[in-house]
Amino acid sequence: MLIDFFLHLKASRLPVSIKEFLTLLEALQQHVIEQSIDDFYVLSRATLVKDETHFDKFDRAFGEYFKGVEALPGMDVLIPEAWLRQAVKRHLSDAERARLEKLGWDKLMETFKQRLAEQKERHSGGNKWIGSGGSSPFGHGGTHPEGIRVGGRSENRSAVKVWEKREYRNLDDSVEIGTRNIKVALRRLRRFARQGAPDELDLEGTITGTARNAGWLDLHMRPERHNAVKVLLFLDIGGSMDDHIRVCEELFSACRSEFKHLEHYYFHNCVYDRLWKDNRRRHSERIATQDVLHKYGNDYKLIFVGDASMSPYELLQPNGCLEYHNAEPGATWLRRLADTWPHAIWLNPESEQSWPYRQSTSLIYHLMGGRMFPLTLDGLERGMRLLSK
Amino acid sequence: MRFSGSDTYVATRDLTLAVNAAITLQRPLLIKGEPGTGKTMLAEEVAASLGLPLFEWHVKSTTKAQQGLYEYDAVSRLRDSQLGEAKVADIGSYIVKGVLWQAFECETPSVVLIDEIDKADIEFPNDLLRELDRMEFFVYETRQQVRARHRPVLFITSNNEKELPDAFLRRCFFHYIRFPDKETMTRIVNVHFPGLKPTLLREALEVFFELREIPGLKKKPSTSELLDWLKLLLAEDIPPEVLRSKDQKSAIPPLHGALLKNEQDVHLFERLIFMARQNR
Ligand SMILES: Nc1ncnc2c1ncn2[C@@H]1O[C@H](COP(=O)(O)OP(=O)(O)OP(=O)(O)O)[C@@H](O)[C@H]1O
Ligand SMILES: [Mg+2]
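Residues numbered from 1 in each chain as written. Chains lettered and ligands numbered in written order. Predicted model: local features only at pLDDT ≥ 70, side-chain atom pairs only at ≥ 80, totals over all residues. Heavy atoms only, no water.

1. Some thoughts on the site of ligand 1
All names here are of chain B.
Link 1 in the chain: Residues in close proximity to ligand 1 total 17 residues, the closest being V10, G36, K39, T40 and M41.
Link 2 in the chain: M41 places a main-chain nitrogen or oxygen 2.8 Å from an oxygen atom of ligand 1.
Link 3 in the chain: Within the contact set of ligand 1, an oxygen atom lies 3.2 Å away from a side-chain nitrogen or oxygen of N159.
Link 4 in the chain: Relative to its unbound accessible area of 640 Å², ligand 1 is 79% covered by the protein chains.
Link 5 in the chain: Looking at the shell around ligand 1 residue by residue, the class counts come to six nonpolar, nine polar and two charged.
Link 6 in the chain: Each of domain 1 (13–176) and domain 2 (182–279) gives at least three residues to the shell around ligand 1. (Near = heavy atom within 4 Å. Polar contact = N/O pair within 3.5 Å; in protein donor to acceptor, adjacent residues only side chain to side chain. Areas by Shrake-Rupley, 256 points an atom, 1.4 Å probe, with all protein chains shown as cover. Nonpolar A, V, L, I, M, F, W, Y, C, P; charged D, E, K, R; others polar. Domains from an automatic or database assignment.)

Here it is as structure tokens:
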């Protein structure tokens, strides 16, 4: 019955599972809720979605699905019969119910479907309650305040539904990282930093174990929790992206103590033969990229942050750089870096959708072997997951 | 058994619905939400309103899943053995019952709260999967099977410090308590201060919500801070007019230290007010 709904959620890329879907059915069976669609919204969300960052996605999917309802064949397929029966019972006066009983359930369903079909034909906007005029067994005037509402169009709504308000939008983890969600980003980054596991003596375990052993020494070891991760951060600075880059830099510095090493270098647009460490002295204190290449071992993880937007010349031509003469094209340098540090990713503050439309971005995307991620919580997470493999 | 809020706790409709789903289907309810949104209090209130005993387990970073079941106090036993105590022979006297065991052997149905589960190690929830599913466990030292007489109503809260494993999540209902809107907050305040003057409440909420909007606050004031602040306002007998300044943004609300507890936030706030005044 509700399988379609479940599949729709799955198609909307919500991580819903069969087990949870069965729980939802069980809850319906046990009458946790009655007929209200608002309650169904809450119940299905509580059962199927376990992460508030997915609430917004769920709201959209729910809205899409239940907006499409009147177009689906046979409402009875969608709404459990018992549900309807109850709804009808609850909202009708005794007289109406008597009339209904005379009509019989099958007839009722038929009328119901017919009404739906009519509605579709008429294409009338606004709330559409089943039944119109006093002649219908479903109620009077078609606007019973608590009647069964089916579908309805977005224009002219009397009440905006919860899921239409999109109140959880700012919890969605596909929004860019900013001051609001930086803490969460930090936690995810920390998790990344805390890997690698040489053993250390577990003193407490050893004492307990020894006591358990009635005094015979029983050594316990445990994996060390602390950071073995070394990071090289290459930041594109001096352009329109500065704010984003800065957020990212802050993010990494905030967990500096979690990394074994964290080094950052700046470049502008693309990496060539020079980098710099202090942006205020970028013209005086440059460091040869070659030296950096030799300085850090290949166990470093390389993270570029930049919008990868530039003229393709800057990437492909010698002397293509706007600021000074570069003997070798940017692409050569990028390849060299990626070869030296195989664990490399590119974080891009621009929205992922825009990448294919920018020549330089897609060039870099391919140079990086597709390892480019948006600067969102989700992007950060994907990137870090890849780096930790 | 149905929960529908209480005189001392304001539960929105979706929260009560989630609670009742968890009660009816006997599955755990996982609660998340900003600090101070009443996550911990919920379990207490449900227990009180259903008249059930409450067993609370407050999790810390060092808490192990096993401690909720039982602990074997090997150190005491070692000490006793050196002192030649007779009870050493009975290993059972060194088994300390955990919160879950206590709830399992409770004569009546009960409510169990596992508070701030995300504080513990990542493996913590996984280590409890089976026990919470079946509501039973085995005591190796005494070869004893402990089974719940009644499946307790189980509340689990999280502050999002760590992600919880999928297998664990699939077994729970989930509810995210949103920060209360003005209307809900009015109801919450009324619960705590039944006789409060409506004008004072209105002005206070105005100030409170505006303050929460300040970008860059390290710790936004929560419900508890609002309640503390109101208590102070009442104690000092501050009239509502004082809160209603013509130009809200340029006046420091009285006793604002109760709302902003972080020193940096207080500075930030005062600086903003100062700037607003200069631009007047
Ligand atoms: N819905 C509510 N009804 C009545 N009082 C509430 C409500 N929500 C919060 N409060 C008040 O706020 C205080 C804080 O609530 P509680 O400690 O349960 O929050 P919490 O979500 O567990 O916070 P934390 O994340 O900091 O542990 C409560 O003691 C109570 O006074
Ligand atoms: Mg709490």
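2. Concerning the pattern of salt bridges
Two side chains bearing opposite charge may form a pair once their charged atoms approach each other closely.
Residue and element names in this part refer to chain A.
Link 1 in the chain: Taken as a whole and judged by the stated rule, the model has 25 salt bridges over all chains.
Link 2 in the chain: For E328, the salt bridge goes to R336, with nearest N and O atoms at 2.8 Å.
Link 3 in the chain: As a salt-bridge pair, D378 and R382 come within 3.3 Å of each other at their nearest N and O atoms. Placement of both D378 and R382 in helix α17 (residues 377–387) is noted, with a separation of four residues, approximately one turn of the helix.
Link 4 in the chain: For D378, a relative accessible area of 28% gives the class partly exposed. (Salt bridge = Lys/Arg side-chain N within 4 Å of Asp/Glu carboxyl O. Helix = DSSP H or I, 4+ residues; strand = E, 2+ residues; numbered from the N terminus. Buried < 20%, exposed > 50% of the residue type's maximum accessible area, 1.4 Å probe, protein only.)

3. Description of the packing of aromatic side chains
Aromatic rings considered in pairs are described by the distance between their centres and by the relative angle of their planes.
All names here are of chain A.
Link 1 in the chain: Going through the model one piece at a time under the given rule, you end up with 31 aromatic pairs over all chains.
Link 2 in the chain: With centroids separated by 5.6 Å and ring planes inclined at 50 degrees, the aromatic side chains of F5 and F40 adopt a geometry described as tilted. Here the residue F5 occupies a position in helix α1 (residues 3–11), and F40 occupies one in helix α3 (residues 37–48), the gap between them amounting to 35 residues.
Link 3 in the chain: Accessibility expressed as a relative area gives 0% for F5, which makes it buried.
Link 4 in the chain: Plain terms: the ring middles of Y296 and Y300 are 5.0 Å apart, the flat faces sit at 65 degrees to each other, and that makes the pair edge-to-face. Judged on exposure class, the residue Y296 and its partner Y300 are both buried.
Link 5 in the chain: Ring pairs connect the aromatic residues F5, F40, Y41, F58, F62, Y65 and F66, which therefore count as one cluster.
Link 6 in the chain: A cation sits over an aromatic face here: R45 above F55, 4.2 Å from the ring centre. (Phe/Tyr/Trp six-rings, centres within 6.5 Å; stacked < 30°, edge-to-face > 60°. Lys NZ or Arg CZ within 6 Å of the ring centre and 35° of its normal.)

Purely spatial values, then, with no claim about function.
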